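# Remarks on the overall topology
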Amino acid sequence: MSTAPLIRFEDLHLAFGDNSIYEGLSLNVYRGQTLAVIGGSGCGKSVLLKCLIGLMYPDSGRVFYEDIEVSQLSEKQLRAIRKDIAMVFQGAALFDSLSVGENLAYPLREHMPDLSEKEIAVRVAQTLELVNLSGIESMQPVELSGGMRKRVGLARAIMTTPKVILWDEPTTGLDPISTQVIDELIISMKRHLGCTSIVVTHDMNSVFRVSDGIAMLARRKIIASGSVAEMRASSHPDVRAFFGAGENK
């Protein structure tokens, strides 16, 4: 991993009305890292991902990607950032009116208008093979199981070969076998694409399987971060309590 952070969250403050989400949150993410962001429900883990891709903005503080301040970008410039940074949403966020193949073709038509339909079809087929779903281009999202929807959501996210993948609660609602499949795909994406990943989750079993770094969000800021071994050995009471609850499930 590079010694210079690829992504930086600097002194973020954010509130929704009287509900304070961040009060001085700072976090670095390094190139090639798979960082798990953990914390209780409603603490703002998913909001952090949205701040990185310009779907939400902090009230104060700054967010950087490759030394580019995201909050200073125009919508056109944000489109270029979103080509580099793909987000796998919790519910997959597929277009229900489009087939699987059309769902996957959408980002290519949006970001790579010079590709021919034949080239698009080839890339769709190759990407479905990468997530072990070959030959389902004609299926509709409603026909897919929960685990398949997650994998199709991942396939659509990686169509433009992103440098960063953001995973928003990737295993929520899945059975143990489907959860293991998603975990293996997170690991596989790093191996095949060399990408950086931020995984937002409260599933500690997944955290220990897929990540090489962990950051814990609590009390409206990052209270501790480090390697998996460092975090497991942490004496911070909030970290110890969270890890103990997760490991005892």
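Keep in mind the model is a prediction, meaning the values are calculated, not measured.

## Structural notes on the layout of surface pockets
- Looking at the largest pocket, its volume works out to about 570 Å³.
- Around the largest pocket, the lining is made up of 20 residues, and of these R82, F89, P107, H111 and R156 lie nearest the centre.
- Broken down by secondary-structure element, the contributors of at least two residues to the lining of the largest pocket are helix 2 (75-84), strand 6 (85-88), helix 3 (100-111) and helix 5 (146-157).
- Grouping the constituent residues of the lining of the largest pocket by class yields 13 nonpolar, three polar and four charged.
- What the second largest pocket holds in volume is close to 160 Å³.
- As for the second largest pocket, its lining consists of 12 residues, and the residues nearest its centre are N28, Y30, Q33, S225 and G226.
- Sorting the residues of the lining of the second largest pocket by element identifies strand 2 (19-30), strand 9 (213-218) and strand 10 (221-227) as the ones contributing at least two each.
- Of the residues in the lining of the second largest pocket, the class split is five nonpolar, six polar and one charged.

## Quick look at the pairing of strand 9
- The element strand 9 is largely enclosed, with a buried count of six among its six residues.
- Along strand 9, one buried face is formed by G213, A215 and L217 and the opposite face, lined by I214, M216 and A218, is buried too.
- As paired elements, strand 3 (residues 34-38) and strand 9 share four bridges and run parallel to each other. Paired with V37 across the two strands is A215, which belongs to strand 9.
- Taken together, the six bridges between strand 9 and strand 10 define a ladder with antiparallel strand orientation. From the neighbouring strand, A218 faces strand 10, where its bridge partner is K221.
- In this structure, the hairpin formed by strand 9 and strand 10 is closed by a connection of two residues, where R219 is found at a positive phi of approximately 55°.

## Let's talk about the nonpolar core
- Grouped together as the largest cluster of nonpolar side chains are 34 residues, with contacts concentrated most on I7, F9, Y22, L52, Y65 and L166.
- Among residues more than four places away in sequence, those in contact with Y65 are L6, I7, L52, V70, I81, D84, I85, K163 and V164.
- In terms of nonpolar packing, the next biggest core, distinct from the first, is built from 32 residues, L108, L144, A155 and M159 among them.

## Brief notes about the state of the cysteines
- All told, the structure shown has zero disulfides when counted by the stated rule.
- The structure places no disulfide on C43, whose sulfur is separated from the nearest cysteine sulfur, that of C51, by 13 Å.
- Classification of C43 as buried rests on a relative accessible area of 16%.

## Some details on the sheet that holds strand 6
- As summarised here, the arrangement of the six strands in space is 6-7-8-3-9-10, forming an open sheet in which the pairing is mixed. A strand with exactly one partner marks an edge of an open sheet, and here the two such strands are strand 6 and strand 10. Between one strand axis and the next, the sheet turns by 15° as a mean value, whatever way the strands run.
- Contacting strand 6 and strand 7 (164-168), helix 2 crosses the sheet at an angle of about 65° to strand 6.
- Taken strand by strand, helix 6 (residues 176-193) contacts strand 3, strand 7 and strand 8 (196-200), and its axis lies near 175° from that of strand 7.

## Focus on the environment of S197
- If you trace the backbone, S197 turns up in strand 8.
- Using a relative accessible area of 0% as the deciding quantity, one classes S197 as buried.
- C-alpha separation for the pair S197 and L166, spaced 31 residues apart in sequence, amounts to 5.8 Å.
- Not counting the four nearest positions on each side in its chain, S197 is found in contact with Q33, T34, L35, I165 and W167.

## Let's talk about the packing of helix 5 against helix 6
- In the contact formed by helix 5 and helix 6, the axes pass within 10 Å of each other and the chain directions differ by 15°. On the basis of the axis angle, helix 5 is roughly parallel to helix 6. Between helix 5 and helix 6 lies a crossing whose hand is right-handed. Here helix 5 contributes G147, K150, R151 and L154 to the contact with helix 6, which in turn contributes S178, V181, I182, L185 and M189.
- Grouping the constituent residues of the contact of helix 5 with helix 6 by class yields five nonpolar, two polar and two charged.

Rules and cut-offs
Residues numbered from 1 in each chain as written. Predicted model: local features only at pLDDT ≥ 70, side-chain atom pairs only at ≥ 80, totals over all residues. Heavy atoms only, no water. 1 Å grid on protein atoms, 1.4 Å probe; cavity = no way out; pocket = protein on both sides within 12 Å on 5 of 7 lines; lining within 4 Å. Points joined across faces, edges and corners; volume = space filled by probe spheres on them. Helix = DSSP H or I, 4+ residues; strand = E, 2+ residues; numbered from the N terminus. Nonpolar A, V, L, I, M, F, W, Y, C, P; charged D, E, K, R; others polar. Buried < 20%, exposed > 50% of the residue type's maximum accessible area, 1.4 Å probe, protein only. Pairing = 2+ DSSP bridges. Core = buried A, V, L, I, M, F, W, Y, C linked by side-chain atoms within 4.5 Å. Contact = heavy atoms within 4.5 Å. Disulfide = S-S within 2.5 Å. Axes fitted to C-alpha atoms, helices over the stretch in contact; angles between N-to-C directions. Parallel < 35°, antiparallel > 145°, perpendicular 65-115°, else oblique. Left-handed = near helix turned anticlockwise from the far one by under 90°.

The analysis is restricted to geometry; functional conclusions fall outside its scope.
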